[in-house]
Amino acid sequence: MAKVLNRLALDVGTIDDPSLQFRGDTNTGIYHPASNQLGFAVGGTNMLSIASGNLTVSGVVEITDGTVGAPAIAFSSDPTTGLYTTGSDVAFTVGGANVATFSSGSFSVGGSFLGPDGTVDAPAFAFSSDTNTGIYNIGANNLGVAVGGTTMLDIASGNLTVSGVVEVNSGS
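Summary of the structure given here. (Residues numbered from 1 in each chain as written. Predicted model: local features only at pLDDT ≥ 70, side-chain atom pairs only at ≥ 80, totals over all residues. Heavy atoms only, no water.)

1. Examining the overall build of the protein
At step 1: When its secondary structure is counted, the protein shows zero helices and 15 strands.
At step 2: For a compact globule of 172 residues, the expected C-alpha radius of gyration is about 16 Å, and the protein comes in at 29 Å, more than 25% above that figure.
At step 3: Referenced to the eigenvectors of the C-alpha coordinate spread, the extents of the protein come out at roughly 100 × 35 × 30 Å.
At step 4: Taken over 172 residues, the protein has a buried fraction of 15%.
At step 5: Considering only contacts within the protein whose residues lie at least 6 apart along the sequence, 6% involve residues at least 24 apart.
At step 6: In the structure as shown, the protein presents an accessible area of about 12,400 Å², 57% of it carried by carbon and sulfur atoms. (Helix = DSSP H or I, 4+ residues; strand = E, 2+ residues; numbered from the N terminus. Rg over C-alpha atoms; globule rule 2.2 N^0.38 Å. Buried < 20%, exposed > 50% of the residue type's maximum accessible area, 1.4 Å probe, protein only. Contact = heavy atoms within 4.5 Å. Areas by Shrake-Rupley, 256 points an atom, 1.4 Å probe, with all protein chains shown as cover.)

2. A word on the side chain of Asn46
At step 1: Among the secondary structure elements, Asn46 is positioned in strand S4 (residues 45–51).
At step 2: Polar side-chain contacts of Asn46 include one of 3.4 Å to the side chain of Tyr31.
At step 3: Engagement of the side chain of Asn46 in a polar contact is seen with the side chain of Ser49, the distance being 2.6 Å.
At step 4: Dropping the residues within four chain positions of it, Asn46 is found in contact with Ile15, Tyr31, Gly39, Phe40, Ala41 and Ser58. (Polar contact = N/O pair within 3.5 Å; in protein donor to acceptor, adjacent residues only side chain to side chain.)

3. Concerning the pairing of strand S8 (residues 90–94)
At step 1: Burial of the side chains of S8 is restricted to one face: Ala91 and Thr93 are buried, whereas none of Val90, Phe92 and Val94 on the reverse face is.
At step 2: Examined bridge by bridge, strand S7 (residues 78–85) and S8 share four bridges and lie antiparallel to one another. In the strand pairing of S8, Leu83 is matched with Phe92.
At step 3: Between S7 and S8, which pair antiparallel in sequence order, lie four residues; one of them, Gly87, sits at a positive phi of approximately 110°.
At step 4: With five bridges connecting them, S8 and strand S9 (residues 97–103) associate as antiparallel partners. Counted as the bridge partner of Val94 is Ala97 from S9. (Pairing = 2+ DSSP bridges.)

4. Observations concerning the packing of aromatic side chains
At step 1: Enumeration according to the criterion identifies four aromatic pairs in this entry.
At step 2: When the centroid spacing of 5.8 Å and the interplanar angle of 75° are considered together, the rings of Phe92 and Phe102 count as edge-to-face. Taken together, the residues Phe92 in strand S8 and Phe102 in strand S9 connect sequence positions ten residues apart.
At step 3: For Phe92, a relative accessible area of 34% gives the class partly exposed.
At step 4: Aromatic pair Phe107 and Phe113: ring centres 6.4 Å apart, planes at 80°, arrangement edge-to-face.
At step 5: Judged by relative accessible area, which is 40%, Phe107 ranks as partly exposed.
At step 6: The rings of Phe92, Phe102, Phe107, Phe113 and Phe125 are connected pair by pair, giving a single aromatic cluster. (Phe/Tyr/Trp six-rings, centres within 6.5 Å; stacked < 30°, edge-to-face > 60°.)

5. Quick word on unusual backbone geometry
At step 1: Positive phi values are uncommon outside glycine, yet Asn36 reaches one of about 60°.
At step 2: Inspection of the secondary structure assignment puts Asn36 in the loop between strand S2 (25–31) and strand S3 (37–42).
At step 3: Here the phi dihedral of Asn141 falls at roughly 55°; this positive angle occurs in a residue that is not glycine.
At step 4: You can call Asn141 exposed: its relative accessible area is 70%.

6. Focus: the sheet that holds S7
At step 1: Pairing is antiparallel in the open sheet, where five strands are placed in the order S6-S7-S8-S9-S10. Looking at strand neighbours, the two that pair on one side only are strand S6 (73–75) and strand S10 (106–109), the edges of this open sheet. Each strand of the sheet is rotated relative to its neighbour by a mean of 15°, with strand direction disregarded. (Axes fitted to C-alpha atoms, helices over the stretch in contact; angles between N-to-C directions.)

7. Some remarks on the sheet that holds strand S1 (residues 20–22)
Note: strands within a sheet are paired through backbone hydrogen bonds, in either parallel or antiparallel orientation.
At step 1: Overall, antiparallel pairing links the five strands, which are arranged S1-S2-S3-S4-S5 in an open sheet. Taken across any chain shown, the strands that pair with only one partner, and hence form the sheet edges, are S1 and strand S5 (54–57). On average, adjacent strands in this sheet sit at an angle of 20° to one another, irrespective of strand direction.
At step 2: By the bridge criterion, six bridges tie S3 to S4 in an arrangement that is antiparallel. Its bridge partner lying in S4, Val42 is registered against Thr45.

Just distances and angles here, no functional claims.
Below you can see the structure in the form of structure tokens.
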């Protein structure tokens, strides 16, 4: 009766001489860089490492574009939620519905955008070059516009309060 082997034992190999390689391309293949790790070399360069709980890729990872209903990067618990591209844009989908799109120089939201309340000194919607100028939530049903950390416009139900001088130009 013939003996049946139940495993294949290979040498550890190196990045330049993987233990599992191809004829005519001896620096491309699988090797064992350390305990509990696998390495995948291409042309003597480590391109993929697998270790306990980690997957490391060297270089560019190209994936399919995906769609709003089937994003390219999705979650196993919800395959219709994730990230996809429409060419030059990158978009986020939740439950098969587009919720946000990043384009060159712009950001758009499908649905409501819920930001923080902010304060007069740090408005929720401010500018990177002027962080105390912008729009913030003063309180329930009350919108504020801050300039230099001072409330210049206070909009509430039935009230509009302007601080400072109001100039009206007739246009010439």
